[in-house]
Amino acid sequence: MSRTCDICGRGRQSGKNVSFSERKSNRTFEVNLQPAVVEVDGKPTKVKACTKCIKKAKKA
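Just so you know, these numbers come straight off a predicted model, no measurement behind them.

Draft legend 1. Spatial organisation of unusual backbone geometry. Positive phi values are uncommon outside glycine, yet E22 reaches one of about 65 degrees. A positive phi angle, close to 55 degrees, is found at D41, a residue other than glycine. With respect to the helices and strands, D41 occurs in the loop between β3 (33–40) and β4 (43–50).

Below you can see the structure in the form of structure tokens.
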């Protein structure tokens, strides 16, 4: 199961955890995906969309 937005294509990013002693270890930042219903060609379709895309769709 992919963790990417079906609308904009945003996905996981990588970075570092930094402890108090400033030791660094790898970590991943997951995108906040939510199930959403979008109309494609007049038909409602279920997609996994990030919250940024859902907010933009509500504003438009």
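From this point, the narrative continues.
Draft legend 2. Just the pairing of strand β2 (residues 24–29), in detail. Two strands pair when backbone bridges link them, and strand β1 (residues 13–18) and β2 are joined in this way by six bridges, in the antiparallel orientation. From the neighbouring strand, S14 faces β2, where its bridge partner is T28.

Draft legend 3. View of the packing of aromatic side chains. Under the criterion given, the structure shown has zero aromatic pairs. Between the NZ or CZ atom of R27 and the centre of the ring of F29, over which it lies, the distance is 3.9 Å.

Draft legend 4. Structural detail: the nonpolar core. Among the nonpolar cores identified, the biggest contains eight residues, and these are C5, V31, L33, A36, V47, A49, C50 and C53. Here the element with the most residues in this core is β4; it accounts for three residues. Each residue touching C53, except ones within four places of it in the same chain, is listed here: C5, I7 and C8.

Draft legend 5. Fine view of a nonpolar patch on the surface. Taken together, the side chains of I7, V38 and V40 make up a nonpolar region of the molecular surface, amounting to roughly 220 Å² of accessible area. Tracing the chain through its elements places V38 in strand β3.

The rules behind each value
Throughout this description, residue numbers start from 1 for each chain and increase along the sequence as written. Given that this is a predicted model, residues contribute local features only at a pLDDT of at least 70 and side-chain atom pairs are listed and counted only at 80 or more, while totals for whole chains, interfaces and linings are drawn from all residues. Only hydrogens and water are set aside when side-chain values are computed; all heavy atoms of the structure are taken into account. To qualify as a helix, a DSSP run of H or I must reach at least 4 residues; to qualify as a strand, a run of E must reach at least 2; elements of each kind are numbered from the N terminus. Strands were regarded as paired on the criterion that DSSP finds at least two bridges between them. Pairing of aromatic rings covers Phe, Tyr and Trp, the last counted by its six-membered ring, and requires centre-to-centre distances within 6.5 Å; plane angles under 30 degrees mean stacked, over 60 mean edge-to-face, and any other angle means tilted. Only Lys NZ and Arg CZ are tested; either one counts as a charge over a ring when it is within 6 Å of the ring centre and within 35 degrees of the ring normal. Each nonpolar core is a collection of buried residues, namely Ala, Val, Leu, Ile, Met, Phe, Trp, Tyr and Cys, held together in the definition by side-chain atoms within 4.5 Å. Exposed residues in this analysis have more than 50% of their type's maximum accessible area, buried residues have under 20%, and partly exposed residues fall in between, with area computed by a 1.4 Å probe over protein chains only. Note on contacts: a residue pair is in contact if any heavy atoms of the two residues lie within 4.5 Å. To count toward a patch, a residue needs a relative accessible area over 30% and no salt bridge; like charges are then connected within 9 Å, while nonpolar side chains (Val, Leu, Ile, Met, Phe, Trp, Tyr) are connected within 5 Å. The accessible surface values rely on the Shrake-Rupley method and a 1.4 Å probe; as for residues, cover is taken only from the protein chains in view. Any carboxyl oxygen of Asp or Glu within 4 Å of a side-chain nitrogen of Lys or Arg constitutes a salt bridge here.

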